[in-house]
Amino acid sequence: MKLAFIGTGYVGLVSGVMMSHLGHHVICIDVDKSKINLLKEQKSPIFEPNLESYLLNCSNQGRIEFSHGYDNKLSEVDCVFITVGTPSMEDGGADLSYIYEAADKVAQHIRPECVVVIKSTVPPGTCQSVQNLLIKNGFKNSVVSNPEFLREGSAISDFLNPDRIVVGTSDQHSALIMEQIYLPLINQGIKLVFTDLITSELIKYASNSFLAAKIAFINEMADLCEIVGADVEVLSEAVGLDKRIGASFLKAGPGFGGSCFPKDILALQKLTMASKGQFLLLDALITANQTRADKMVQKIKAALSNNLKNKTIAILGLTYKAGTDDLRSSPSIPIIEGLKKEGANIIAYDPKALKNVSKYFGSLDCRNSSIDAISDADALVIITEWPEFKDLDLATAKKVMKGNVIVDLRNILNPERVISNGFEYHSIGRRKLTS
Ligand code: UDX
Ligand code: UDX
């Protein structure tokens, strides 16, 4: 089939490349000319493990092309996926302007029988509004809702092995086209859940809110573990072994970030408020995560005898999770801001995000390796669980640092090893070990 993707961001690019890998002919369109120019050279503008090799392969086989304009090639496609961003507005609601802009431009080029799919996360009712807009331009089908569930860092395997594919549509033709598009995955036994537009749109918000709630729950449990002297790692493992609960998304840390969870729960809250409903659990979950960064700052302050003035703190890891170069809503942003407010000097290192730092932090003193960042530091704080931090050479770290405090906000280091190297070790939801 011939497919188009509008928006080559983290979701659109991975989905476009992987659809091409499944055998479809794909054209990816983005308004950002610099991204398209890179892609034409078979280089990925984002870091996503293995993406570039799939891109190269599909390009070499002539099944993927890139364009920065909405051109006549769109008149040849069977289906257009809209994958532009839906960021938060000031009031927490989803900014849908890119969706409508993309739909409007798409409408000027597609054939009336082309299927239009909204893959971006949008509040219930949006697909219907897009459909109304398209119908004015002679469009014949129902718009399809097909939410994405790709995690950055493992987006390719999430695409190839999804737990389910959700399709919201009200017409048979669109349903058939969606089945044909996903046939290689359906043939592997992946379940395709068909539903109406509104339910499909809400499924995405329900999934992300529930996962975010699991994380917020374990984070608050970690706080309680610290108070009563329990160990959140063992607790999380034992609780997760209960099949009714499940082990995933029970890792305590500095709070959830990224381009989806924080914005999606705010959009759901906004939606609930607009319909004069109540979602008390969601309100609590938002507050729990928003206050998490300050708790982390207080934890770091307590580890440094309650005084951060003129202390040099080395931050290892800036991205909201490992495996991505994405800094959107990363907990590192409010944590670093909080530490600076307390008078600390920050020196940071991240293996993939340094090129994006100025957009999110303004001026931040960054170094090119962990050892460079921690040299002469009073404390070392791990914010992201990058594998290379697990293997940090602690003997060298002890030699180059001025102080001996490690605050591990992801519980990735081995406590005994840290202590035996002469450090004071602070982690999340565990008793403080002393030598
Ligand atoms: C996606 C979804 O769109 C979002 O709703 C979902 O919740 C998370 O995943 P993401 O891929 O992370 O967002 O967004 P981003 O990386 O910002 O990519 C959006 C792309 O769309 C950018 O490359 C941007 O240049 C492009 N774009 C934006 C257009 O091509 N046209 C526009 O009108 C607006
Ligand atoms: C999420 C959804 O999982 C995915 O389906 C899609 O909708 C896009 O949004 P993503 O944001 O890429 O994916 O990453 P995810 O792995 O879900 O992690 C989100 C945040 O939660 C990160 O900050 C991560 O560090 C944090 N997290 C995750 C935890 O703190 N503990 C956990 O156990 C899991």
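Relevant structure appears above.
Predicted model, so just to flag it, every value in this text is computed and none were measured.

Analysis parameters
Residues numbered from 1 in each chain as written. Chains lettered and ligands numbered in written order. Predicted model: local features only at pLDDT ≥ 70, side-chain atom pairs only at ≥ 80, totals over all residues. Heavy atoms only, no water. Buried < 20%, exposed > 50% of the residue type's maximum accessible area, 1.4 Å probe, protein only. Helix = DSSP H or I, 4+ residues; strand = E, 2+ residues; numbered from the N terminus. Pairing = 2+ DSSP bridges. Right-handed = clockwise from strand over helix to strand, strands pointing away. Contact = heavy atoms within 4.5 Å. Axes fitted to C-alpha atoms, helices over the stretch in contact; angles between N-to-C directions. Near = heavy atom within 4 Å. Polar contact = N/O pair within 3.5 Å; in protein donor to acceptor, adjacent residues only side chain to side chain. Areas by Shrake-Rupley, 256 points an atom, 1.4 Å probe, with all protein chains shown as cover. Nonpolar A, V, L, I, M, F, W, Y, C, P; charged D, E, K, R; others polar.

**Focus: the pairing of strand E13 (residues 405-408)**
(1) Moving on: Residues Val405 and Val407 of E13 are buried on one face, and the alternating residues Ile406 and Asp408, pointing to the opposite face, are buried as well.
(2) Moving on: Pairing of strand E12 (residues 379-382) with E13, which is carried by four bridges, proceeds in the parallel orientation. Pairing of leucine 380 across the sheet is with isoleucine 406, part of E13.
(3) Moving on: The β-α-β motif built from E13, the intervening helix H19 (residues 415-420) and the parallel element strand E14 (residues 424-426) has right-handed crossover chirality.

**Considerations on the sheet that holds E14**
(1) Moving on: Ordered by their spatial adjacency, six strands build an open sheet running E11-E10-E9-E12-E13-E14, and the pairing between neighbours is parallel. Sheet topology places strand E11 (365-366) and E14 at the edges, where each strand pairs with a single neighbour.
(2) Moving on: Its contacts with the sheet place helix H13 (residues 292-303) against strand E9 (312-316), E12, E13 and E14, and it is angled at close to 160° to E13.

**Here we look at the pairing of strand E4 (residues 79-82)**
(1) Moving on: Residues Cys79 and Phe81 point to one face of E4 and Val80 and Ile82 to the other, with burial holding for every one of them.
(2) Moving on: With four bridges connecting them, E4 and strand E5 (residues 115-118) associate as parallel partners. Across the sheet, residue valine 80 finds its bridge partner in E5, namely valine 116.
(3) Moving on: Tracing the backbone out of E4, into helix H4 (residues 97-107) and back to the parallel element E5 gives a crossover that is right-handed.

**Brief notes about the site of ligand 1**
(1) Moving on: The immediate surroundings of ligand 1 are formed by 22 residues, with Asp30, Lys35, Val84, Thr86 and Thr121 found nearest.
(2) Moving on: Interatomic distance of 3.1 Å between a backbone N/O atom of tyrosine 10 and an oxygen atom of ligand 1.
(3) Moving on: Here an oxygen atom of ligand 1 and a backbone polar atom of valine 31 are 3.1 Å apart.
(4) Moving on: Here ligand 1, which alone exposes 690 Å², has 89% of that area covered by the protein.
(5) Moving on: Looking at the shell around ligand 1, the elements with two or more residues in it are helix H1 (10-21) and H4.
(6) Moving on: Across the shell around ligand 1, the residue classes tally to six nonpolar, nine polar and seven charged.

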